Amino acid sequence: MTQFNIHLDQRLDNVATFERRLQAQDPAALADTAAGNVLRVSTSLGEDEIAASLRMAGHTGETVQIERQASTCCGGCGG
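Residues numbered from 1 in each chain as written. Predicted model: local features only at pLDDT ≥ 70, side-chain atom pairs only at ≥ 80, totals over all residues. Heavy atoms only, no water.

Undergrad: How do you make sense of the overall build of the chain when you look at a structure like this?
TA: The secondary structure content of the chain amounts to 2 helices and 4 strands. Helices and strands in the chain line up, N terminus first, as β-α-β-β-α-β. Scaling as 2.2 N^0.38, a compact globule of 79 residues should have a C-alpha radius of gyration of about 12 Å, and the chain matches this with 12 Å. In terms of overall dimensions, the chain has C-alpha extents of about 40 × 25 × 20 Å along its principal axes. The proportion of buried residues among the 79 residues of the chain is 33%. Sequence separation of at least 24 residues holds for 66% of the intrachain contacts in the chain that already meet a minimum separation of 6. Charge centroids of the chain, computed over 6 positive and 10 negative side chains, lie 5 Å from each other. (Helix = DSSP H or I, 4+ residues; strand = E, 2+ residues; numbered from the N terminus. Rg over C-alpha atoms; globule rule 2.2 N^0.38 Å. Buried < 20%, exposed > 50% of the residue type's maximum accessible area, 1.4 Å probe, protein only. Contact = heavy atoms within 4.5 Å. Lys, Arg positive; Asp, Glu negative; His and termini not counted. Charge placed at Lys NZ, Arg CZ, Asp CG, Glu CD.)

Undergrad: Teacher, can you tell me more about the environment of R21 here?
TA: Topologically, R21 is positioned in helix α1 (residues 15-25). As for R21 and I66, which are separated by 45 residues in sequence, their C-alpha atoms are 16 Å apart. Apart from residues no more than four positions distant in its own chain, R21 is found in contact with S53, M56 and A57.

Undergrad: What am I meant to see in the packing of α1 against helix α2 (residues 47-56) here?
TA: When two helices pack together, their arrangement is captured by the angle between the axes and the distance separating the axes. At their nearest, the axes of α1 and α2 sit 8 Å apart, and the two run at 135 degrees to each other. On the basis of the axis angle, α1 is oblique to α2. Here the hand of the crossing between α1 and α2 comes out right-handed. Residues F18, R21, L22 and Q25 of α1 lie in contact with α2, whose contacting residues are E49, I50, S53, L54 and M56. Considered class by class, the residues forming the contact of α1 with α2 number 5 nonpolar, 2 polar and 2 charged. (Axes fitted to C-alpha atoms, helices over the stretch in contact; angles between N-to-C directions. Parallel < 35°, antiparallel > 145°, perpendicular 65-115°, else oblique. Left-handed = near helix turned anticlockwise from the far one by under 90°. Nonpolar A, V, L, I, M, F, W, Y, C, P; charged D, E, K, R; others polar.)

Undergrad: Just to check I follow, could you spell out the confidence of the model for the chain for this structure?
TA: Caution applies to low-pLDDT regions: their predicted coordinates should not be interpreted in detail. Mean pLDDT over the chain stands at 88; residues scoring 70 or higher make up 96%. Mean pLDDT across the secondary structure elements of the chain bottoms out at strand β4 (residues 64-68), with 89, and peaks at α1, with 95. (pLDDT = per-residue confidence, 0-100.)

Here you go:
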């Protein structure tokens, strides 16, 4: 799983719809809101699939910055 911070130019009204769109392609995906217009996402999907899921969830803004986060995996669980 990779974590992303997604900076939006406007608020996403329904994060649950976005999360369901992600989960249609990656059942383990999670999404929630951080401060401001930032979404936190954990998924095995790439940036293009995330952007497409945002559009399908109704995000109409033009500016989206998808920022891949450094791995926090310590390897302790074998993953």
